[in-house]
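Here is what each chain is made of, one letter per residue.
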Amino acid sequence: MKQIYRSLFLFTLILTAWTAMPTLLAQPTPAMYRGKFVRKEIRRTIVKPTFICTLTKGASPFVAFEFWEQHEITYFEINIYQAMQEVVREKNEDGLDVVKDFAPIPGQFIKDNDEIPRQEIQIKGLLANEKFSILGKEYVTDNKGRIYDLGQNILDLFDTMDTRSFELAISHATLGEQIITLTRNLISRQNPVIPGNNAASQYDILEAFGLNFTQQMQCGRDGLKVNVTTYGEITAGKRVAIVVDVTNSDAKPVSNLIARSFSRHQELNGKLFYFGLVTANQPVQSRRHLTLPPGVDGNKPFFKAFACLSRHPWHREKLFYVWLPNTDQPARFIRYVTIPTAVNAGQPLHLSIAFWDIIGAIPEKRQDLSLSIQANK
Amino acid sequence: MRSLAIYALLGCMYCGVLPLQAQTPTPAATPAAAAANANPDVRFRALEEHEQRGAVLKIRDQLLFERSERDKRERAIVGLRNALQGTLMNPDDTQKLAGLVTLWQDANSLYNEVKRANYRQLELITLIGNAKLSTGMLPQVASFLLDAEKQTTQLGDNQKKQQEHLLSFGQPIIMAICNVPPPRSFITHSGITMRLCGQGKEWFYVSEQPITEAQYQAVIQPQAGDSAKAPTTDSPSPAKTDISLTNAIRFCGMLSRLEQRNLLLPNISRANRYPPIPKAGNENHTYVLPDNNQLNILSLTSYTPSCAIWINSPWLPNDLDTERALERFAVSFNIVWDPRRLFAESTTFGELPFARYPQLGFVIVTHRNTGWYLRWQHLLDKMDAENAAKPLNTPE
C-alpha cells in the first residue's frame, strides 16, 4: 500500500514538473503599448429600413407626397491601433537598460473595446405601390412613389385660418412612422426680423403649390377680375368642383390673395382658395403653348431640344413655330365639395365666394352662386 | 209847454235838420255837449240828464249781461271737468278720442269766449269812465258808477282766472289723448292688415300674414291712380316667397314712401281746429323688416307665419373662427325665422342675403305710433266730414 502511495506521489510530482517546465523555462511576454491609430473596424451593423416623405411641387390644388425608402444604418465601429513594444537601445556596463525606445510589433494590433456608433442614411429609391396610412386612411403610392390627396383632406385641415401648422403622422406597416409638420404660411415677409426665422418651410403647402405669399410693399387691387364656375353634376351626395379664376390687368400686383366660400351648408362652407401674388399679365400658374404648323411632329427630338433652349418669341416667318408664353391664363384654384344630401331635388343651394388680400376684404369682388340640385338619375 | 218845445228842439237836432258840427271825430259828441261846444255858455240840463240816464242804463245792462255770461262760463267749465272724467272712463278708445277732441274744442271755444268777454269788459270800463266824466251827476248815479267800476274790475279778474283754468285744462286733454293706447289692428292704405304685438314700450305692429304676391305687386308696380292697393279677389293670394332680403327691404322702402305720402296731405289743411299732437312726426311711420328684438317677442306669442321669414338682423355664428372669417371677408348672414321648420333645421338659422327659397317670405313691422296716428287721422277726417255736412251757424 505504501508503495502505491509513493508511486502515486512521484507520478504527480513528475507530471507537475513537466507541465510547469515550459512556463518556468519560457521567456517573459513583452508589454504591448498602443501606438498610432491604424483604422476603424466595423464590429457590427444594424440596418433599420424606413422612409422619408416630401411634398411634391406642382400638383396644385392637391397636396402630393413623395415617398422614398431609406435605410438608417448604424455602424458600431472600434478603433484599431498599432501594437508597440519597448525596445532597449543601449545597456550600460552593468547590463542595465539605459536607452529604451518603442517600436511597432509587426503583425500585432490593439483593438479598442469601446464601440463607436455611426449612422448613415442611404436612400434606396422610390417606394412605389406601397401602402401608407395618413389621417386614418389607407393610400397606395403610384409607380412614382407619390400619393395625391385627391380628397383635399389636408387642405380641409387648414381651412381654419388660425391653423398655421399641423403635425401629420404617416405610417407604414414595416417602415415605421414619420411625423412631418405641414405649414400654411399666408404671409411671408421679405426681410424677416430674425434671419433664419420665417424662412420657407420644407413642408409648406403653399410653397408646394408654387404660390408666392410674400408680402409685397406696393400692391393694389384695381385690376383684379374674378370668375367662379362649378364643374360636375349638382346632385345630392356627388362631388363638384368650384373653380375660381383671377386675373390682374393693373401694373400693381395683388398681394396675398385668398378666397373663402360661405354657405349655411357645412359641406360648402369654409373652403379656402389660395392665389398669393397675382401680377399683371403674368399668371401664377403659367403654361406654355408650342404652336406648330400642321404636319409637324412636336415630339421629334429636334423640336424638343430647341424648345428647351429657346425662351424668346420667334417670328413666324423666320422659324416655323412660335413660342408663346401664355399671358391670358388666369390664376386658378379648385376645391372639391360634396353636395349635401339633406337638401331635396329642385332646392337651391346658395354660396358666396369672398376675397381678401393683404389690404383687407374685397367685398365688391364677392361672387354669389345659386346652384339648383338635380334629381338623382 | 216849455219842456215840449225843448224836446222838439232836441228831436230836430238828433235828426240833423239843424246844421251841426258833423265833422266831429269819434267819439261823437253828445248833443248836449255839441250844443255846449257850439255855444259854451248854453247848457241843456235835461239833455244832459237824458244822456246820463242812457249811459247808466247801458252800463247797467252790460254789467248784467257780463255777469250772466260769467256764470254761464263757470258752469261750462265745471261741465267740462265732469265731461272729461266721463270721457276717460269710456272703454271704446275711438269714442274716447272723439270725446276728448270735442272737449278740447269746447275748451278752446270757451277760451275764445273769455277773450271776447275781455274786450267787452274793456269797453265797459271805457263807458264807465266816460260816464264818470259827466258833470252835475246825481249822487246815486255817481255811487252806481263807482260800484259798476268795481264790479267790472272783478269781472276782469274773474276772466283772467277762467282763462288760466281753461289753459290748464287743455294740457291734460292732450296728455289723455296721447295716452290712449294704439288700436289692436289697422289696415294700411295698401290693404295690409297690421296687428299689434308686444307689451308696453315694446309694442309694435306686425303684418298679420306674410306679404302676399298681390300686395307685393301692388306696391312694386302700382296701378294707375297710385293707390297701391291689392285688388280684392275671392281666393286669397299666396304669400310672396322666393324673395331675397334685398328685395324685401326694397319693398319696405317703397311701401313706407307710399304710406307716408297718404299721411302728409291731410295734415296741412287742419290748422288749429284740432289739438296739436306730438306723435305727428313721420319718422315712426316707416315699414321695415322685423329685427332680432322683435323676433324674440314674436316667438313668445302665438304668431306663426305660414312660411319662413327674413329677419333684418345679422346672424351670429356659434364658433369664433366663423365669426372672424365673416368679419375678415366682410360677409354677413341674416337670420331666417322658420317656426314651422320647413327647412327641417332649427327654428332660426343664418342665410346669405341674396338667397331665395320657395318657402321663404317676409313680414313687415312698424312702430306703434303708426296705428295710433292712422286712427287719429281717420277720426279727424270723420269730424271734418261731419262739420262740413252741418248747416252754417251765423256767429253772434
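Right above here is the structure, for reference.
Attention in this report is confined to the structure presented alongside it.

Cut-offs applied
Residues numbered from 1 in each chain as written. Chains lettered and ligands numbered in written order. Predicted model: local features only at pLDDT ≥ 70, side-chain atom pairs only at ≥ 80, totals over all residues. Heavy atoms only, no water. Helix = DSSP H or I, 4+ residues; strand = E, 2+ residues; numbered from the N terminus. Buried < 20%, exposed > 50% of the residue type's maximum accessible area, 1.4 Å probe, protein only. Contact = heavy atoms within 4.5 Å. Areas by Shrake-Rupley, 256 points an atom, 1.4 Å probe, with all protein chains shown as cover. Core = buried A, V, L, I, M, F, W, Y, C linked by side-chain atoms within 4.5 Å. Buried area = accessible area lost by both parts, 1.4 Å probe. Salt bridge = Lys/Arg side-chain N within 4 Å of Asp/Glu carboxyl O. Polar contact = N/O pair within 3.5 Å; in protein donor to acceptor, adjacent residues only side chain to side chain. Nonpolar A, V, L, I, M, F, W, Y, C, P; charged D, E, K, R; others polar. Axes fitted to C-alpha atoms, helices over the stretch in contact; angles between N-to-C directions. Parallel < 35°, antiparallel > 145°, perpendicular 65-115°, else oblique. Left-handed = near helix turned anticlockwise from the far one by under 90°. Phe/Tyr/Trp six-rings, centres within 6.5 Å; stacked < 30°, edge-to-face > 60°. Lys NZ or Arg CZ within 6 Å of the ring centre and 35° of its normal.

## Side note on the overall build of chain B
Turning to step 1, where the next piece is worked out: Helix and strand content of chain B: 10 helices and 9 strands.
Turning to step 2, where the next piece is worked out: Evaluated residue by residue, chain B yields a buried proportion of 39% over its 396 residues.
Turning to step 3, where the next piece is worked out: For chain B, restricting intrachain contacts to residue pairs at least 6 apart in sequence, the fraction spanning at least 24 positions comes to 73%.
Turning to step 4, where the next piece is worked out: Of the roughly 22600 Å² that chain B leaves accessible, carbon and sulfur atoms contribute 55%.

## Here's the deal with the environment of Pro183 of chain B
Residue and element names in this part refer to chain B.
Turning to step 1, where the next piece is worked out: Following the sequence through the fold, Pro183 ends up in the loop between helix H5 (139-179) and strand E1 (185-187).
Turning to step 2, where the next piece is worked out: By relative accessible area, which is 13% here, Pro183 ends up buried.
Turning to step 3, where the next piece is worked out: Considering only alpha carbons, one finds Pro183 and Asp93, 90 residues apart in sequence, at a separation of 7.8 Å.
Turning to step 4, where the next piece is worked out: Apart from residues no more than four positions distant in its own chain, Pro183 is found in contact with Leu196, Tyr205, Gly371, Trp372 and Arg375.

## Here we look at the nonpolar core
Turning to step 1, where the next piece is worked out: Phe65, Phe67, Leu182, Val246, Tyr274, Phe275 and Phe355 of chain A are the most contacted members of the largest nonpolar core, which totals 69 residues.
Turning to step 2, where the next piece is worked out: The greatest single-element share of this core, amounting to 6 residues, is contributed by strand E17 (residues 348-356) of chain A.
Turning to step 3, where the next piece is worked out: The contacts of Phe355 of chain A, once residues within four sequence positions are left out, are Val226, Val244, Val246, Leu257, Ile258, Ala259, Phe275, Ala361, Ile362, Lys365 and Gln367 of chain A together with Phe329 of chain B.
Turning to step 4, where the next piece is worked out: Grouped together as the second largest cluster of nonpolar side chains are 29 residues, Ile220, Leu258, Tyr287 and Trp310 of chain B included.

## Digging into the interface of chain B and chain A
Turning to step 1, where the next piece is worked out: Facing the 21 residues of chain B at the interface are 25 residues of chain A.
Turning to step 2, where the next piece is worked out: Interface area, chain B with chain A, both sides summed: about 1900 Å², of which 60% is carbon and sulfur.
Turning to step 3, where the next piece is worked out: Among the residues of chain B in contact with chain A, Arg328, Phe329 and Phe354 of chain B are the three that bury the most area, contributing 36% of the side total.
Turning to step 4, where the next piece is worked out: The partner of Asp162 of chain A in a salt bridge is Arg324 of chain B, and the shortest N-O contact between them spans 2.7 Å.
Turning to step 5, where the next piece is worked out: Our enumeration of links across chain B and chain A arrives at 4 residue pairs in polar contact (both at pLDDT 80 or more).
Turning to step 6, where the next piece is worked out: Element by element, the count of residues in the side of chain B that touches chain A is highest for helix H9 (residues 320-328) of chain B, at 5 residues.
Turning to step 7, where the next piece is worked out: Of the residues belonging to the side of chain B that touches chain A, the class tally is 13 nonpolar, 2 polar and 6 charged.

## Details of the packing of helix H4 (residues 93-133) of chain B against H5 of chain B
Residue and element names in this part refer to chain B.
Turning to step 1, where the next piece is worked out: Interhelical geometry of H4 versus H5 gives an angle of 160° and a closest axis separation of 9 Å. By the angle between their directions, the pair H4 and H5 is classed as roughly antiparallel. Where H4 crosses over H5, the two elements pack in a sense that is left-handed.
Turning to step 2, where the next piece is worked out: Looking at the contact of H4 with H5 residue by residue, the class counts come to 24 nonpolar, 9 polar and 3 charged.

## Points about the packing of aromatic side chains
All names here are of chain A.
Turning to step 1, where the next piece is worked out: On inspection of all chains with the given rule, the structure shows 20 aromatic pairs over all chains.
Turning to step 2, where the next piece is worked out: Taking 4.9 Å as the distance between ring centres and 65° as the angle between the ring planes, the aromatic pair formed by Phe51 and Phe132 counts as edge-to-face. Highlighted residues: Phe51 in strand E1 (residues 32-56) and Phe132 in strand E5 (residues 131-134), separated in sequence by 81 residues. Take Phe51 and Phe132: they sit in the same class, and that class is buried.
Turning to step 3, where the next piece is worked out: Cluster of aromatic residues (ring-pair linked, three or more members): Phe209, Phe213, Phe273, Tyr274 and Phe333.
Turning to step 4, where the next piece is worked out: Positioned above the aromatic ring of Phe109 is the side chain of Arg39, whose terminal nitrogen or guanidinium carbon lies 5.6 Å from the ring centre.
Turning to step 5, where the next piece is worked out: A cation sits over an aromatic face here: Arg44 above Phe76, 3.9 Å from the ring centre.

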